[in-house]
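Fold and geometry: a report
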Amino acid sequence: MKPRIAIIGLSCCEGCQVQFLNLGEVLLEILDAVDIVNFRFAKGKNLPGPFDIAFVEGSIVAPHEVEVVKEAREKSKILIALGICACFGGVQSIKNFLPHDEVVKSVYGDAKLEHEASEKVHPLDDYVKVDHYISG
């Protein structure tokens, strides 16, 4: 049986996920060895787990993402933080050094929008055990 792989995205530019697709023909060879069962960015139907390996991209910016990463951890034998956002918080962690109200005003202006942003941005390991890091 092939290992079951998940590629999960949180708050990010999704560039690390795009790199999987940029593998081109190499990706086809990889698919001979593994079964990518969850990859929202590239698949129409995704399975909920369990997973042998979960690659998680993005940082935790919204409260619901804490639950997403905890669920990924529970359902995965190995969890890999993929990219600078997952490993360290990424560029969006700049907001950690500014007053929250100032950030909201800068991003949303005077628009009266409901949004679900935490005051701080977090890497994955602030909430779950990460087995491996790929920070590139």
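What you see is a predicted model, and the numbers here were worked out from it, not measured in a lab. (Residues numbered from 1 in each chain as written. Predicted model: local features only at pLDDT ≥ 70, side-chain atom pairs only at ≥ 80, totals over all residues. Heavy atoms only, no water.)

**Description of a nonpolar patch on the surface**
- A cluster of nonpolar side chains, contributed by Val 91, Ile 94, Phe 97 and Leu 98, occupies part of the molecular surface with about 460 Å² of accessible area.
- Topologically, Ile 94 is positioned in the loop between helix H4 (83–88) and helix H5 (100–108). (Patch = residues over 30% accessible without salt bridge, like charges linked within 9 Å, V, L, I, M, F, W, Y side chains within 5 Å. Areas by Shrake-Rupley, 256 points an atom, 1.4 Å probe, with all protein chains shown as cover. Salt bridge = Lys/Arg side-chain N within 4 Å of Asp/Glu carboxyl O. Helix = DSSP H or I, 4+ residues; strand = E, 2+ residues; numbered from the N terminus.)

**A look at the pairing of strand E3 (residues 51–57)**
- Of all seven residues in E3, six are buried, a share of seventy percent or more.
- Judged from the five bridges that link them, strand E1 (residues 4–9) and E3 form a sheet pairing that is parallel. Residue pairing for E3: Ile 8 is matched across the bridge by Val 56.
- Running through helix H3 (residues 63–75), the crossover from E3 to the neighbouring parallel element strand E4 (residues 76–82) is right-handed. (Buried < 20%, exposed > 50% of the residue type's maximum accessible area, 1.4 Å probe, protein only. Pairing = 2+ DSSP bridges. Right-handed = clockwise from strand over helix to strand, strands pointing away.)

**Looking at the confidence of the model for the chain**
- On average, the chain scores 90 in pLDDT, and the residues at 70 or more come to 99%.
- When mean pLDDT is compared element by element in the chain, E4 scores highest at 98, while H5 scores lowest at 83. (pLDDT = per-residue confidence, 0-100.)

**Looking at the environment of Met 1**
- Mapped onto the secondary structure, Met 1 falls in the segment before E1.
- Overall, the relative accessible area of 96% leaves Met 1 in the exposed class.
- Along the backbone, Met 1 and Ala 33 are 32 residues apart, and their C-alpha atoms lie at a distance of 9.3 Å.

**Brief notes about H3**
- In this model H3 runs 19 Å from its N-terminal to its C-terminal C-alpha over 13 residues, within 8% of the 18 Å that 1.5 Å per residue would give.
- Of the residues making up H3, those classed as buried are Glu 65, Val 66, Val 69, Ala 72 and Arg 73. All buried residues of H3 project into a common sector of 130° when viewed along the axis, lining one side. Projecting away from the buried face of H3 at angles above 90 degrees are the exposed residues Glu 67 and Glu 74.
- Taken together, the buried residues of H3 touch E1, E3 and E4. (Expected span 1.5 Å × (residues − 1). Arc of directions from axis to C-beta. Contact = heavy atoms within 4.5 Å.)

**Things to note about the packing of aromatic side chains**
- Counting across every chain of the model gives three aromatic pairs.
- Here the aromatic rings of Phe 20 and Phe 39 are separated by 6.2 Å at their centres, their planes lie at 70°, and the arrangement is edge-to-face. With a gap of 19 residues between them, Phe 20 in helix H1 (residues 15–21) and Phe 39 in the loop between strand E2 (35–38) and E3 connect regions that are remote in the sequence. For the pair formed by Phe 20 and Phe 39, the shared burial category is buried.
- Measuring from ring centre to ring centre gives 5.3 Å for Phe 20 and Phe 55, while their planes differ by 70°; the resulting arrangement is edge-to-face. Here Phe 20 is found in helix H1, whereas its partner Phe 55 is found in strand E3, with 35 residues between them in sequence. (Phe/Tyr/Trp six-rings, centres within 6.5 Å; stacked < 30°, edge-to-face > 60°.)

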